[in-house]
Amino acid sequence: MQHRTDYWEKAQQAANFLLEHAGMEAVSQFVQCGSGLHSLIEAVLPDGKRIPMEDIPHFPPSRVPGHGRELIHGTVGGHKVMILAGRIHLYEGHDPLTAGFPAALASACGAQGFILTNAAGGLNQHFSQGSVMMITDFINFQGDNALAHLLTEDAGQRFIDPKPATDPRVSTALARQLQRAGLSVNQGTYIGVRGPIYETRAELAMMRSWGADAIGMSTIPELTVCHAFGLPAVGVSVITNECFKEAPVSHTEVVDIGAQVSPRLGQAIRRHIEELP
Ligand code: HPA
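Residues numbered from 1 in each chain as written. Predicted model: local features only at pLDDT ≥ 70, side-chain atom pairs only at ≥ 80, totals over all residues. Heavy atoms only, no water.

A. Examining the packing of helix α6 (residues 168-180) against helix α9 (residues 251-274) more closely. The N-to-C vectors of α6 and α9 enclose an angle of 130 degrees; their axes lie 8 Å apart at closest approach. Here α6 lies oblique to α9, going by the angle between them. Taken as a pair, α6 and α9 cross one another with a handedness that is right-handed. Of the residues in α9, those in contact with V170, A173, L174, Q177, L178 and R180 of α6 are L265, A268, I269, R271 and H272. Of the residues that constitute the contact of α6 with α9, the class distribution is 7 nonpolar, 2 polar and 2 charged. (Axes fitted to C-alpha atoms, helices over the stretch in contact; angles between N-to-C directions. Helix = DSSP H or I, 4+ residues; strand = E, 2+ residues; numbered from the N terminus. Parallel < 35°, antiparallel > 145°, perpendicular 65-115°, else oblique. Left-handed = near helix turned anticlockwise from the far one by under 90°. Contact = heavy atoms within 4.5 Å. Nonpolar A, V, L, I, M, F, W, Y, C, P; charged D, E, K, R; others polar.)

So this is what it looks like as structure tokens:
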């Protein structure tokens, strides 16, 4: 539990460090890279400079060994961009406010938009492996909420209405670029679970009946913190596995499919940023 003022101050200190290091006054777009999607970085910022995450003040430490965690910064079509490679997951034992810290950091860096990416299982049977889904809404099934850990005396900052869940105009623009990059694009509702166990058949059936189209173990904390700080966000899920297939899902499959799709995802994100005013 921490006070909103302290949380924001930490984000600002981290942002000041990053902006100074990158020689930037502010950032235009902040991108969060999902698991297995690291090859999008080469497509968005081929000449990007890298900063190890552990150098960033207040950045939560990884509890998963072997994850390449760094921040990449550079310029796309005149826009300053930062990409976070390496995410903070609830299944590592972090609370959702900590997992949402990248969104506060993005906001403190002056970002105009936060582009979230993730790997997800397809619950909607029309979604095939390797396609992408624009997150137009979400269901928080993680059993906790970032804002329950953020103290504030201001009821307006506590009781937040997250509608629409993501920015529809930006989402439409990015979807167009994803199609141009040759990806099959749908839109739908993302359900976030805590993980790390994949779901039972009964759970999958229940979540599908609730209207969820894709499932993953991330993204809700960052989206929640985006809402808390008024940062417009878009989300793209890469459908790495089809949940109702007979074969069990494996982390290797998730990472492999993510790696296949991420260069096109990166190309689309780059073109999207290039076309921003
Ligand atoms: N379930 C939960 N998280 C996931 C999945 C899944 O099927 N695929 C990728 N991340």
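Next comes the rest of the account.
B. A look at the nonpolar core. Counting residues in hydrophobic clusters, the biggest one holds 51 residues, and the most contacted among them are F30, M82 and F114. Breaking this core down by element, the ones donating at least two residues are α1 (4-22), β5 (79-85), α3 (96-99), α4 (101-108), β6 (113-122), β7 (132-141), α8 (220-228) and β11 (233-242). Sequence-distant contacts of M82, that is, excluding residues within four places in its chain, are made with L18, L19, A22, M24, V27, Q29, F30, V31, L71, I72, H73 and C109. (Core = buried A, V, L, I, M, F, W, Y, C linked by side-chain atoms within 4.5 Å. Buried < 20%, exposed > 50% of the residue type's maximum accessible area, 1.4 Å probe, protein only.)

C. Here's a closer look at α8. The buried count for α8 comes to 8 of 9 residues, which makes it a mostly enclosed element. Along α8, the residues that are buried comprise I220, P221, E222, L223, T224, V225, C226 and A228. With its phi angle positive at about 65 degrees, G230 sits one or two positions after the end of α8.

D. A look at the environment of D167. Structurally, D167 is set in the loop between α5 (155-158) and α6. Setting aside anything within four residues of it in sequence, one finds D167 in contact with P232, A233 and V234.

E. Highlighting the pairing of strand β4 (residues 70-76). Counting buried residues in β4 gives 5 out of 7 residues, a clear majority hidden from the surface. Sheet topology places strand β3 (residues 49-52) next to β4; 4 bridges connect them, and they run antiparallel. Residue pairing in the sheet places I51 in a bridge with L71 of β4. As defined by bridge partners, β4 adjoins β5 across 7 bridges and the pair is classed as antiparallel. (Pairing = 2+ DSSP bridges.)

F. Structural context of α6. Helix length check: α6, at 13 residues, gives a terminal C-alpha distance of 18 Å against a target of 18 Å (1.5 Å per residue), a fit within 8%. Listing the buried residues of α6 in full gives S171, L174, A175, Q177 and L178. Looking straight down α6, one finds that the buried residues subtend no more than 165 degrees of arc, so they occupy a single side. Exposed side of α6, more than 90 degrees from the buried face: R169 and T172 are the residues found there. (Expected span 1.5 Å × (residues − 1). Arc of directions from axis to C-beta.)

G. Molecular detail of the site of the ligand. Residues in close proximity to the ligand include A119, A120, G121, Y198, E199, I215, G216, M217, T240, N241, C243 and V254, which together make up its full environment. E199 places a side-chain nitrogen or oxygen 2.9 Å from a nitrogen atom of the ligand. Expressed as a share of its isolated accessible area of 260 Å², the protein-covered part of the ligand is 96%. Among the secondary structure elements, those contributing two or more residues to the shell around the ligand are β6, β10 (214-216) and β11. The element that contributes the greatest number of residues to the shell around the ligand is β6, accounting for 3 residues. Its residues assigned to classes, the shell around the ligand comprises 7 nonpolar, 4 polar and 1 charged. (Near = heavy atom within 4 Å. Polar contact = N/O pair within 3.5 Å; in protein donor to acceptor, adjacent residues only side chain to side chain. Areas by Shrake-Rupley, 256 points an atom, 1.4 Å probe, with all protein chains shown as cover.)

H. Fine view of the pairing of strand β2 (residues 29-33). The element β2 is largely enclosed, with a buried count of 5 among its 5 residues. Covered by surrounding structure in β2 are Q29, V31 and C33 together with F30 and Q32, the residues of both alternating faces. Sheet topology places β2 next to β5; 5 bridges connect them, and they run parallel. When the sheet's bridge partners are listed, Q32 is paired in β5 with L84.

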